[in-house]
Amino acid sequence: MKLGPIRHLGFEQALLPQRMAIVSHSHPSISKGGAEISAYALYRGLREIGVDAIYIGSCATTDRHKLSLGHETEFAVFRDAARYDHFYHLSPAGEEEELLRILREERIGLVNFHHFYNLGLNALRAAQRLPGVLNFLTIHEFLAICHNHGQMVTRPAQVLCERARWDDCTSCFPTESRNRFQMRKETMLDGFGAFDGFVSPSRFLAERFIEWGLGADRTTVIENGLLSAPEAKTGERGEGAWVFGFFGQITPFKGVDVILDAADLIAKDPDLSRKVRLRIHGNLVGQSASFTERFEAALKAYPFLSYAGAYSNASVHRLMADCDYLVIPSKWWENSPVVIQEAYSVGLPVICTGIGGMAEKVPNGVSGLHFRLGDASDLLRAVKLAADGRNHATLKSGIPPVISARGMAERYLAFFASMAASRLVEIG
């Protein structure tokens, strides 16, 4: 591993590898979730400040036709999705060899994983065994802790779970034994144990993982950065209805049903029906037939409710600029939704469920408003408060600066450098 000082960032005393790899469970051309978007932004930010970084994304063989690598420094490792173990998160034996081949051929000295999903814990452990290579993991959600899609929501009651206990886990998954869940945790911690450091985009998520077993001395919080941050809207808003926009995948955990419940209430108030517009952007994922039927019926019944369909990352800022507020009605904790940073970048205050990473990123009454989990009447209260020019101006003025991809990369490098220095002290 070739070492050299990163002097242009002020790390004269710290030594970091010349070549780095950002490894994600997908590529933005295939999947546009927050984790892969932030991983890609970090890769681009590192290259912008002169770091020789590459991006490696996992791709199912069945999705090969969707893959579009944007640069010669972008790579893909292919997997047999049908053979992936979703309980212990292990990929088929031998699949990690393609990742190792890229890391060796590209002479990578530092690897930053942005997930273990799709790649498998065995791929992470294999990379950790490469001689002289620094390894870091960025955690984006609770999948290591929670077998229920990493949502920390109980089944079938759909109640927020405060922490993972084996007895609680077997209540959600009665066909699995307590010993299996104990082994699952041990497998996860074994896969995480050899990392030189961990990054979380929110303090809320970091604290949950430290409580679960990660070392606090190796964990830091770095906000997700944006590839592009257009100038926020300035000046007073014009006349017309107040537009409240939802942006994201329309999954059962994202709470769009709460928006539909609020729409039922708005429809009973003719004045409010004329004053507000609810606009939903995103694609339907994993929803039941009953939800889809209800969704379509509400769109037909309520003129103030509209569905704008799926959107690309390139268009999100333009679409958000046509709204007055972002609404995040999620029924799970969330961590650091990239959509919040995107909204802030165009000057949108946020109305969100007042829990977890959302509450951390959106201080109530400062840059947005909170409402109670799953409570449409409380969402309606927030909407009424928001649809006031003075309140909107106050919340808009409280929006914090948005970190760029470059700024995120600089923060990551500072953490990498501090952990590398600690490792040299331990070796010495």
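Model, not experiment: these values are computed from the prediction.

What counts, and where the lines are drawn
- In every chain, residue numbers begin from 1 and rise along the written sequence.
- It should be noted that, the model being predicted, local features are given only for residues of pLDDT at least 70 and side-chain atom pairs only at 80 or more, the latter also being counted only at that level, while totals for whole chains, interfaces and linings use all residues.
- In computing side-chain values, all of the structure's heavy atoms are included and hydrogens and water are not.
- The secondary structure listing takes helices from DSSP runs of H or I that are at least 4 residues long and strands from runs of E that are at least 2 residues long, numbered from the N terminus.
- Remark: exposure states derive from per-residue accessible area (1.4 Å probe, protein chains only) relative to the maximum for the residue type, with buried under 20%, exposed over 50%, and partly exposed in between.
- By definition, residues are in contact when any of their heavy atoms lie within 4.5 Å.
- Shrake-Rupley sampling with a 1.4 Å probe provides the accessible areas, and residues are treated as covered by the protein chains on show and by no other component.
- When charges are counted, Lys and Arg are positive and Asp and Glu negative, with His and the chain ends excluded.
- Throughout, a charge is located at the NZ atom of Lys, the CZ atom of Arg, the CG atom of Asp or the CD atom of Glu.
- The angle between two axes is taken between their N-to-C directions and runs from 0 to 180 degrees, where each axis is a line fitted to C-alpha atoms and a helix contributes only its stretch in contact.
- An angle below 35 degrees is read as roughly parallel, one above 145 as roughly antiparallel, one from 65 to 115 as roughly perpendicular, and any other as oblique.
- Handedness of a helix crossing follows the sense of rotation of the near helix relative to the far helix, less than a right angle counterclockwise being left-handed and clockwise being right-handed.
- Each residue is assigned to one of three groups, with Ala, Val, Leu, Ile, Met, Phe, Trp, Tyr, Cys and Pro labelled nonpolar, Asp, Glu, Lys and Arg labelled charged, and all others, Gly among them, labelled polar.
- The definition used for a disulfide is geometric: two cysteine sulfur atoms within 2.5 Å.
- For two strands to count as paired, DSSP must find a minimum of two bridges between them.
- Salt bridges are defined by distance alone: a side-chain nitrogen of Lys or Arg within 4 Å of a carboxyl oxygen of Asp or Glu.
- Regarding the arc, it is the one traced by the directions from the helix axis to the C-beta atoms.
- We call a set of buried Ala, Val, Leu, Ile, Met, Phe, Trp, Tyr and Cys residues a nonpolar core when their side-chain atoms join them within 4.5 Å.
- Confidence of the prediction at every residue is given by pLDDT, a number between 0 and 100.

## Regarding the overall build of the protein chain
When helices and strands are counted, the protein chain shows 15 helices and 15 strands. Out of the 428 residues belonging to the protein chain, those deemed buried represent 56%. At a minimum sequence separation of 6, the contacts of the protein chain that also span at least 24 residues come to 70%. By element, 50% of the accessible surface of the protein chain is carried by carbon and sulfur atoms, the whole surface being about 18400 Å². Of the side chains in the protein chain, 46 bear a positive and 47 a negative charge, and the two mean positions are spaced by 1 Å.

## Some words on the packing of helix α3 (residues 121-128) against helix α5 (residues 178-192)
Running from amino to carboxyl end, α3 crosses α5 at an angle of 30°, the nearest separation of the two axes being 9 Å. In terms of axis orientation, α3 runs roughly parallel to α5. As for the relative orientation of α3 and α5, their crossing is left-handed in sense. For the pair formed by α3 and α5, the contact residues are L121, R125 and Q128 on the first element and T187, M188, D190, G191 and F192 on the second. Residue classes in the contact of α3 with α5 are distributed as 3 nonpolar, 3 polar and 2 charged.

## Focus: the state of the cysteines
Here the structure, examined in full by the defined rule, presents 0 disulfides. No disulfide involves C146; its nearest neighbouring cysteine sulfur is the one of C161, lying 6.5 Å away. Among the cysteines around C172, which has no disulfide bond, C161 carries the closest sulfur, lying 6.6 Å off. Note on C172: relative accessible area 12%, which makes it buried.

## Some details on the sheet that holds strand β8 (residues 197-200)
Strands sit in the order β5-β4-β3-β6-β7-β8-β9 across an open sheet of 7 strands; the sheet is parallel. Single-partner strands in this sheet number two, and they are β5 (74-79) and β9 (219-221). Ignoring which end each strand starts from, the neighbouring axes of this sheet average 25° apart. Lying over the sheet, helix α1 (residues 34-48) contacts β3 (19-24), β4 (52-60), β5 and β6 (110-113), oriented at roughly 155° with respect to β4.

## Examining the pattern of salt bridges
Scanning the entire structure with this criterion turns up 22 salt bridges. A salt bridge links D271 to R274; the nearest nitrogen and oxygen atoms lie 2.4 Å apart. Linking D271 with R274, this pair stays in helix α8 (residues 270-275), spanning 3 residues, or about one helical turn. By relative accessible area, which is 53% here, D271 ends up exposed. Taken together, the shared-partner salt bridges in this structure form one network comprising R19, R47, D52 and E106.

## A short note on the sheet that holds strand β12 (residues 305-309)
Within the open sheet, the 6 strands sit side by side as β12-β11-β10-β13-β14-β15. Their pairing is parallel. Strand pairing shows two members of the sheet lacking a second neighbour, β12 and β15 (368-371), which therefore form its edges. Taken over all neighbouring pairs, the strand axes of this sheet differ in orientation by 25° on average, direction set aside. Bridge analysis of strand β13 (residues 325-328) against strand β14 (residues 350-353) gives 3 bridges, and the strand direction is parallel. Bridging across to β14, L326 finds its partner in V350. Contacting β10 (242-247), β11 (276-281), β12, β13 and β15, helix α7 (residues 256-266) runs over the sheet at an angle of about 160° to β11. Taken strand by strand, helix α14 (residues 389-397) contacts β10, β13 and β15, and its axis lies near 80° from that of β13.

## A short note on the environment of S422
Checked against the element boundaries, S422 lands in helix α15 (residues 405-427). With 226 residues separating them in the primary sequence, S422 and D196 have C-alpha atoms 9.2 Å apart.

## Focus: helix α2 (residues 96-105)
Where α2 is concerned, the buried positions are E96, L99, L100, I102 and L103. For α2, the arc enclosing every buried residue in end-on projection is 160°, short of the 170-degree limit, so these residues lie on one face. Once α2 ends, the next one or two residues include R107, with phi positive near 55°.

## A short note on the nonpolar core
Judged by nonpolar contacts, the single largest core of 65 residues is most densely connected at I56, F113, F192 and F209. When residues in this core are grouped by element, the largest group, 5 residues, is from α3. Non-local contacts of I56, meaning those with residues more than four positions away in its chain, are made with A21, I22, V23, S24, F75, V77, L99, I102 and L103. The next biggest cluster of nonpolar side chains, apart from the first, holds 34 residues, and it includes F244, A263, Y325 and A386.

## Re unusual backbone geometry
Going from R155 to P156, the amide bond is cis rather than trans, its omega being -5°. For H89, which is not glycine, the phi dihedral falls at a positive 55°. Note that H89 resides in the loop between β5 and α2. Phi angles above zero are rare outside glycine, and Q158 is one such case at about 60°. Along the polypeptide, Q158 turns up in the loop between β7 (134-138) and α4 (166-172).

## Side note on the confidence of the model for the protein chain
Taken residue by residue, the protein chain gives an average pLDDT of 91. The fraction at 70 or more is 94%. The low-confidence segment residues 1-8 (pLDDT under 50) makes 22 contacts with residues lying over four places distant or belonging to another chain.

## Thoughts on the environment of A39
Among the secondary structure elements, A39 is positioned in helix α1. Relative accessible area serves as the criterion here: at 0%, A39 is assigned to the buried category. A C-alpha to C-alpha distance of 32 Å links A39 and F291, two positions 252 residues apart in sequence. Contacts of A39, omitting those with residues within four sequence positions, involve I22, S24, Y55 and H114.

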